[in-house]
2 protein chains.
Amino acid sequence: MQEKGLLIVLSGPSGVGKGTVRKEIFSHPDTAFEYSISMTTRSPREGEVDGVDYFFKSRAEFEELIQQGKLLEYAEFVGNYYGTPVDYVRKTLDEGKDVFLEIEVKGAKQVREKFPEGLFIFLMPPSLSELKNRIVTRGTETEEIIHNRMLTAREEIEMMELYDYVVENDQVELACERVKAIVMAEHCRRVRVEHRYKKLLEVE
Amino acid sequence: MQEKGLLIVLSGPSGVGKGTVRKEIFSHPDTAFEYSISMTTRSPREGEVDGVDYFFKSRAEFEELIQQGKLLEYAEFVGNYYGTPVDYVRKTLDEGKDVFLEIEVKGAKQVREKFPEGLFIFLMPPSLSELKNRIVTRGTETEEIIHNRMLTAREEIEMMELYDYVVENDQVELACERVKAIVMAEHCRRVRVEHRYKKLLEVE
């Protein structure tokens, strides 16, 4: 029986650089996982190609797919839908290939409910570590700015609870290396692989 | 407060190539963990240096250290003691450095009891995967040999239960890469690092 692939979910707060890290990962020729292209109702930006950057759909088409349960996760941002087609993900995992999603935090929460065994990686902005210094040692920011930053930071950290790994995006190359190391390590986790070795012993 | 280092334990059945993988790991200039040198009562082999390959001790010295609880783990093989001095391990971990042990399966079991939070990596012989083919498709081995191989394989797999990761030593370079990926990934595990980010929010 074909062993299933890993579902890898890269998420994190808006603006953290998820897309940049994802592009860096897939620019490496040794990357052995499949990128699940998102679906959206927003118009293509210049240079964006249907089926490469996104699957571009009309609002009616998207809503029909929602009704049919064809989306693993979806959310609406600034009047546009974004989502992950579920068929591609299931098919690719069943083929034993790892699937990589780069999605928003809300979407990741939906995926966690459906794929609890997935590999959830939270991309952390380096600004949070800078935040501490700024707040503690400087004190030049207005109280309101500090307050808003702390609120955002708190929200981010609450989201983090749902994740298996936290990768700081201090340098794109390094963040990319960490993500790839996490995937390699997960393929060696005893709970995932021991059945392979146990199976060998069933024949006697 | 200084964050503690990770205790990395590489073990596996005798003859699997633990020493070769360990040497390969430490031949890389970017390896950022400390090797904990074992202590033994056996005589130095040609070229072996005290304090580099082993700490060479007399039987009386070794037994005194056992009495004093100065060994994290120890075992006797073919009339000689082998063990890990505990002081170096604790001191280095307290300094925030990762410590790497390459030890026998029995020793790893002792370490697991004292450092349940350690990172336990089981090095798997590729011969076990070959074993299956040999047993299933050929049938040229005597029943006794097959039986003994299966017994050994069973013992190995029972030991595996105590480990976090299983690394197949099919190619030394690849095994080494997997071990390093595991250590990098563990440094990103949410349960290990979230306190860092949470701490940032205590100041407000």
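See the structure shown above.
Everything numeric here is computed off the predicted structure, so don't read it as measured data.

Caption draft 1: Spotlight on the pairing of strand β8 (residues 119–124) of chain B. All names here are of chain B. Most of β8 is tucked away: 6 of the 6 residues are buried. Judged by which residues are buried, β8 turns out to be covered on both faces: Leu-119, Ile-121 and Leu-123 on one side and Phe-120, Phe-122 and Met-124 on the other are all buried. Judged from the 4 bridges that link them, strand β1 (residues 7–11) and β8 form a sheet pairing that is parallel. Bridging across to β8, Val-9 finds its partner in Phe-120.

Caption draft 2: Region of the structure containing the packing of helix α1 (residues 18–27) of chain B against helix α7 (residues 172–186) of chain B. All names here are of chain B. Viewed as axis vectors pointing N to C, α1 and α7 meet at an angle of 65°, and their least axial separation amounts to 9 Å. Here α1 is positioned roughly perpendicular relative to α7, judged by the angle of their axes. In the packing of α1 onto α7, the handedness of the crossing is right-handed. Of α7, the residues touching α1 (which contributes Thr-20, Val-21, Glu-24 and Ile-25) are Val-172, Glu-173, Ala-175, Cys-176, Val-179 and Lys-180. Here the residues of the contact of α1 with α7 are counted per class, giving 6 nonpolar, 1 polar and 3 charged.

Caption draft 3: Inspection of the sheet that holds strand β6 (residues 80–85) of chain B at higher detail. Residues and elements named next belong to chain B. Ordered in space as β4-β3-β6-β5, the 4 strands form an open sheet in which the pairing is mixed. The open sheet has two edge strands with one neighbour each: β4 (55–56) and β5 (71–77). Bridging between β5 and β6 involves 6 bridges; their strand directions are antiparallel. Opposite Glu-73, over in β6, you have Thr-84 as the bridge partner. The strands touched by helix α3 (residues 86–94) are β5 and β6; relative to β6, the strand with the most contacts, the crossing angle is about 20°.

Calculation criteria
Residues numbered from 1 in each chain as written. Chains lettered and ligands numbered in written order. Predicted model: local features only at pLDDT ≥ 70, side-chain atom pairs only at ≥ 80, totals over all residues. Heavy atoms only, no water. Buried < 20%, exposed > 50% of the residue type's maximum accessible area, 1.4 Å probe, protein only. Helix = DSSP H or I, 4+ residues; strand = E, 2+ residues; numbered from the N terminus. Pairing = 2+ DSSP bridges. Axes fitted to C-alpha atoms, helices over the stretch in contact; angles between N-to-C directions. Parallel < 35°, antiparallel > 145°, perpendicular 65-115°, else oblique. Left-handed = near helix turned anticlockwise from the far one by under 90°. Contact = heavy atoms within 4.5 Å. Nonpolar A, V, L, I, M, F, W, Y, C, P; charged D, E, K, R; others polar.

Don't take any of this as a statement about function, it's just geometry.
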